[in-house]
Amino acid sequence: MPELPEVETVRRGLSELLPGRVISAETHDNPKSFPNAPADVEQFMNGATIKEIHRRAKVLIIELSSNYVLIVHLKMTGQLVFRNGDMRFGAGHPSYSLVGELPDKSTRVVITFTDGSKLFFNDQRKFGWMRLMPAVEVPNIDFMQKVGPEPLETSFTWQLMKDRLVRRKNTSIKAALLDQTVIAGVGNIYADESLWGAKIHPATLVRNLTDKDFQVLHKALVDVLKLSIEKGGSTDRNYVDAEGKRGSYLTFANVFRREGQTCPRHPDTKIVKLKVAGRGTHICPKCQVPQKD
DNA sequence: CACTTGACCTGTCCGC
DNA sequence: TGCGGACAGGTCAAGT
């Protein structure tokens, strides 16, 4: 579920909460969620102080004073939630999607700090993971070697975006946007929203896009990512920030999960849901007309 | 090599 | 209510 804006929101939240805290213990319910050996946890994690929290694409990197890092990928349903003291949540409060008490049945990993506060890694579908590794090895892992540029860096110009996308010139623009080796951090929500913003049909082959299309798409993508971060990310089902709160971006979404509702640009036209690149895809049939190849 | 599809998991929603 | 099937925002491996 979480894409760049959601992961960035979590990163910012954790950056306010974790640095300076000292890890005292780690437990997990499933080796897939946390594959490291207990001996490594004991040696490089327990007793370590949390330093800075970084993000690359949809991956969080939690720096430890031991020169190891915790790398976290939330995949579809992961959450990283910090609690200090009271492990309960305000039941019924509209800004919280978590209710009850942590840990709950989706809790995969619990990291306890010496002051009694805890970081919970919850992941209903068990696709996500958290793992410990030496900081110096991070740049060498396959993912870091292959991942594309960060779309919110100032160096991410429309020309750079075009250069990256045309690496996949014979596929649909939607599939190319979702490819993390092309551009970092874009997922289904922001692919659909940016294509609507740029008035490009998601099945359009990359090779048929014009420079004008790339320019408009670049602006639409950057704008939608920035807006979502400003709104604390989206929230549909599982995503919550570091304090367990929902984001509000989907309130501002133009097409995503809005099938049957009217297009903001065409009050007489309804948003349609189709399948492109194997994914649920939302378009306005009037704004986004299929291109002939 | 470029590209597409199915698998990984659990939970929810929808139609019967 | 209950049951089967489709589907869910991400990524790999395996297939064409």
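Scope of this entry: the structure provided in the associated data block. (Residues numbered from 1 in each chain as written. Chains lettered and ligands numbered in written order. Predicted model: local features only at pLDDT ≥ 70, side-chain atom pairs only at ≥ 80, totals over all residues. Heavy atoms only, no water.)

With that out of the way, let us pick up the packing of helix α6 (residues 188–197) against helix α7 (residues 211–230). For the pair α6 and α7, interaxial distance at closest approach is 8 Å and the crossing angle is 130°. Judged on the interaxial angle alone, α7 and α6 are oblique. Helix-helix and strand crossings are classified by hand; for α6 and α7 the assignment is right-handed. Across the interface between the two elements, Y190, E193, S194, L195 and G197 of α6 pack against V216, L217, A220, L221, V224, L225 and S228 of α7. Residue composition of the contact of α6 with α7, by class: eight nonpolar, three polar and one charged. (Axes fitted to C-alpha atoms, helices over the stretch in contact; angles between N-to-C directions. Helix = DSSP H or I, 4+ residues; strand = E, 2+ residues; numbered from the N terminus. Parallel < 35°, antiparallel > 145°, perpendicular 65-115°, else oblique. Left-handed = near helix turned anticlockwise from the far one by under 90°. Contact = heavy atoms within 4.5 Å. Nonpolar A, V, L, I, M, F, W, Y, C, P; charged D, E, K, R; others polar.)

Further remarks concern the protein's contact with DNA strand B. All residues adjacent to DNA strand B are K32, K105, Q124, R125, K126, F127, R167, R168, N170 and T171. Sugar and phosphate atoms constitute 68% of the interface atoms of DNA strand B, taking the interface as everything within 4 Å of the protein. Side-chain polar atom of Q124 to a sugar or linking oxygen of DNA strand B: 3.3 Å apart, as the coordinates give it. (Near = heavy atom within 4 Å. Polar contact = N/O pair within 3.5 Å; in protein donor to acceptor, adjacent residues only side chain to side chain.)

Counting buried residues in α6 gives nine out of ten residues, a clear majority hidden from the surface. Those residues of α6 not exposed but buried are N188, I189, Y190, A191, D192, E193, S194, L195 and W196. Among the structural elements, α1 (4–17), α5 (173–178), α7, β11 (262–263) and β14 (279–283) are those in contact with the buried residues of α6. K199 lies just past α6 and shows a positive phi near 55°. (Buried < 20%, exposed > 50% of the residue type's maximum accessible area, 1.4 Å probe, protein only.)

The strand order across the open sheet built from four strands is β2-β3-β4-β10, with neighbouring strands paired in antiparallel fashion. Across the chains shown, the open sheet's two edge strands, defined by having one partner strand only, are β2 (50–56) and β10 (129–134). Ignoring strand direction, the axes of neighbouring strands in this sheet form an average angle of 20°. As paired elements, β2 and strand β3 (residues 59–64) share five bridges and run antiparallel to each other. The partner of I53 across the bridge, within β3, is I62. Packing of α1 onto the sheet brings it into contact with β2 and β3, and relative to β2 it is tilted by some 170°. (Pairing = 2+ DSSP bridges.)

Let us now look at helix α4 (residues 158–165). Burial in α4 covers these residues: M161, R164 and L165. The buried residues of α4 occupy an angular sector of 95° when the element is viewed end-on, so they sit on one face. Tucked inside the fold, the buried residues of α4 contact α5 and α7. (Arc of directions from axis to C-beta.)

The four strands lie next to each other as β1-β8-β9-β5, forming an open sheet whose pairing is antiparallel. Of all strands in the sheet, those with a lone pairing partner are β1 (23–28) and β5 (78–83), marking the two edges. The average undirected angle you get between the axes of adjacent strands in this sheet is 15°.

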